[in-house]
Amino acid sequence: NTSRKYIARLDATTAASDSGFDSGNVFNLEGARLQLQSDGMILVAGVDNTAEQNRIKRLLSTGAADPTFSSANTGFSSGASAAVQLPGGQVLVAVFGGNFSGTPIGKIVRLSSTAVLDGTYTPAVRSAGNVSGIAPAPGGQWIVAGSFQYANGLPRSGLVRLNADGTTDPAFMS
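Reading guide: rules and limits
Residues numbered from 1 in each chain as written. Predicted model: local features only at pLDDT ≥ 70, side-chain atom pairs only at ≥ 80, totals over all residues. Heavy atoms only, no water. Helix = DSSP H or I, 4+ residues; strand = E, 2+ residues; numbered from the N terminus. Salt bridge = Lys/Arg side-chain N within 4 Å of Asp/Glu carboxyl O. Buried < 20%, exposed > 50% of the residue type's maximum accessible area, 1.4 Å probe, protein only. Pairing = 2+ DSSP bridges. Axes fitted to C-alpha atoms, helices over the stretch in contact; angles between N-to-C directions.

## As for unusual backbone geometry
Excluding glycine, residues mostly have negative phi values, and the peptide bonds linking residues are mostly trans.
Okay, so step 1: One non-glycine residue, Ala15, lies in positive phi territory at about 65°.
Okay, so step 2: Looking at the secondary structure, you find Ala15 in the segment before β1 (29-36).
Okay, so step 3: The backbone of Ser101 shows a phi angle near 50°, a positive value even though the residue is not glycine.
Okay, so step 4: Along the chain, Ser101 turns up in the loop between β6 (98-100) and β7 (103-105).

## Quick word on the pattern of salt bridges
Okay, so step 1: The final tally for this structure, using the stated rule, is three salt bridges.
Okay, so step 2: Between Arg110 and Asp118 there is a salt bridge, and its shortest N-O distance comes to 2.8 Å. Each of the two residues, Arg110 as well as Asp118, counts as buried.

## Looking at the sheet that holds strand β4 (residues 80-85)
Okay, so step 1: Pairing is antiparallel in the open sheet, where three strands are placed in the order β4-β5-β8. This sheet does not close on itself; its edge strands, each paired only once, are β4 and β8 (108-111). Across the sheet, the mean angle from the axis of one strand to that of its neighbour is 20°, orientation sign disregarded.

Purely spatial values, then, with no claim about function.
Here you go:
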């Protein structure tokens, strides 16, 4: 067996650690959520207790950090609870709020395929409480779950459907 810190790939038959997958010391994320992208890369979102680390990473299929998913930004000031790849390579991220590289953000942000904050995206959930999950819905929409009470000023008790532009779908009532 091969020892791994925080993340490992297991053989589907034997459950042995895959020695060909090594994330080394790429990150120190606790409570990490993983999403396998269509291109075989892996999005990892979580809480990092070291100030110099971002709270979202993208790994190559080998486990190494994706050098195109830049750490040039200082990243999130708080943890990330979920991340999903959007069509076109952008990434939708649920965070605990705060800021991204000094820019105030809500609970949901969109990053480019190179981890640059998309300032044109309007976060829908800005109230107290957190977002814990994001799932795709038909028509390019997203179902967002968490402990929030409002989205875009509309009462939404922990569940909301967002349009592709981040606005709340008023037809979806939870």
